[in-house]
Number of protein chains: 2
Amino acid sequence: MKVTHYQKIENLIFEEEGAEKVKIRWLIGEKDNPPHFYLRMIEIEPGGHTPYHKHPKEHEVYILEGEGKIVDFNGNEHPLTEGTVAYVPPMEKHQFKNNGKKILRFLCIVPIK
Amino acid sequence: MKVTHYQKIENLIFEEEGAEKVKIRWLIGEKDNPPHFYLRMIEIEPGGHTPYHKHPKEHEVYILEGEGKIVDFNGNEHPLTEGTVAYVPPMEKHQFKNNGKKILRFLCIVPIK
């Protein structure tokens, strides 16, 4: 069993092309050797965004704090606020944006394979 | 894509034997047909607890609010507070307890298979 606090986990710059002002913490990641999925915490600064992209790995998302938008495959924006839940199926285009004035912070779970 | 708020999702009594004062919301569950894992929100009232048990499915956990304990396979208790992250590997005995004065609320991700 691992029990820790998210603030003890390194907050890395999310280097992917098309990402602006995004950081990531691997709360439960490769080092923990879980069998099926990883738990990540994403932080987007005001004015920042993730890439507008698609990929085979689904996302299950829970918004912890801040305000922003998730852009769907049609380009429509859906508001994100504390307690919002989002499911992005495999190969569905999506983007997370922070158009608020504070950090947008959320959990994003992805499969390993 | 599904975008909703957790409060719109039914809060069900967690009926498992050994559970006391526990409720569960399937934030992303069977109806959403995700390929690998489900995202659940668990609420434990003060004085309540989940069963002290083990099973083949791992747990990845993030504490949203409240205070409590997670009991490990040795019977040792580890404190839970907002922002605590816990990973319970497959077949490791564990229990969640609320010994605080408010609701203990957390996310718990489990594999489908």
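Source: prediction; values computed, not measured.

K.L.:
How should the packing of aromatic side chains be read in this particular structure?
P.N.:
For the structure on display, the rule yields seven aromatic pairs over all chains. Seen from their ring centres, tyrosine 6 of chain A and tyrosine 62 of chain B are 6.4 Å apart, and the 45° between their planes marks the pair as tilted. With tyrosine 6 of chain A in the loop between strand 1 (2-5) and strand 2 (12-13) and tyrosine 62 of chain B in strand 5 (residues 59-65), this pair bridges two chains. As far as the burial class goes, tyrosine 6 of chain A and tyrosine 62 of chain B line up, both buried.

K.L.:
I'm lost on the interface of chain B and chain A in this one. Help?
P.N.:
Where interface size is quoted, it is often the accessible area lost as the parts come together. Counting residues at the interface gives 46 residues for chain B and 46 residues for chain A. Of the roughly 3400 Å² buried between chain B and chain A, counting both surfaces, carbon and sulfur atoms make up 68%. Sorting the residues of chain B by area buried against chain A places Met1, Phe37 and Tyr87 of chain B first, and these three jointly supply 24% of that buried surface. Here chain B and chain A share zero salt bridges between them. Taken together, chain B and chain A are joined by 14 residue pairs in polar contact (both at pLDDT 80 or more). Among the elements of the structure, strand 1 (2-5), strand 3 (20-28), strand 4 (37-49), strand 5, strand 6 (68-71), strand 7 (77-80), strand 8 (84-88) and strand 10 (104-111) of chain B are those that each provide at least two residues to the side of chain B that touches chain A.

K.L.:
In this structure, what is going on with the side chain of glutamate 60 of chain A? I would like to understand it.
P.N.:
When you line up the elements, glutamate 60 of chain A lands in strand 5 (residues 59-65). Buried charge without a salt bridge: glutamate 60 of chain A, with lysine 2 of chain B as the nearest opposite-charge side chain at an N-O distance of 8.9 Å. Residue contacts for glutamate 60 of chain A: discarding those within four places in its chain leaves Ala86, Tyr87, Leu107, Cys108 and Ile109 of chain A together with Ile28, Pro34, Phe37, Tyr38 and Leu39 of chain B.

K.L.:
Just checking my understanding: could you explain the side chain of glutamate 92 of chain A for this structure?
P.N.:
Inspection of the secondary structure assignment puts glutamate 92 of chain A in the loop between strand 8 (84-88) and strand 9 (95-97). Among buried Asp, Glu, Lys and Arg side chains, glutamate 92 of chain A stands out as unpaired, with lysine 54 of chain A the closest opposite charge at 10 Å. Within the local environment of glutamate 92 of chain A, its side chain forms a polar contact with the backbone nitrogen of methionine 1 of chain B, the two atoms lying 2.6 Å apart. In this view, glutamate 92 of chain A contacts His53, Lys54 and Phe73 of chain A together with Met1 of chain B; residues no more than four positions away in its chain are not counted.

What counts, and at which threshold
Along each chain, numbering runs from 1 in the same order as the chain's sequence is written. In the order they appear in the text, chains get letters beginning with A and ligands get numbers beginning with 1. Reporting of local features is limited, given that this is a predicted model, to residues whose pLDDT is at least 70; pairs of side-chain atoms are given and counted only at 80 or more, and all residues count toward the totals for whole chains, interfaces and linings. Water and hydrogen atoms play no part in the side-chain values, which are based on all heavy atoms of the structure. Working definition: a ring pair exists when centres of Phe, Tyr or Trp rings (six-membered ring for Trp) sit within 6.5 Å. Plane angles under 30 degrees give stacked, over 60 give edge-to-face, the rest tilted. Comment: elements are numbered from the N terminus, with helices defined as DSSP H or I runs of at least four residues and strands as E runs of at least two. Per-residue accessibility, obtained with a 1.4 Å probe over protein chains only, is compared with the maximum for each type, and a residue is labelled buried under 20%, exposed over 50%, and partly exposed between these values. Should any heavy atoms of two residues lie within 4.5 Å, those residues are counted as being in contact. By convention, the term buried area covers the 1.4 Å-probe accessible surface removed from two parts as they join, with the contributions of both added. The term salt bridge refers to a pairing of a side-chain nitrogen on Lys or Arg with a carboxyl oxygen on Asp or Glu at a separation within 4 Å. Polar contact is defined as a pair of N or O atoms within 3.5 Å, subject to the rule that within protein one atom must be able to donate a hydrogen and the other to accept it, and that residues adjacent in sequence are counted only when both atoms are side-chain atoms. Charge assignment in this entry is limited to Lys and Arg as positive and Asp and Glu as negative, and neither His nor the chain termini are counted.

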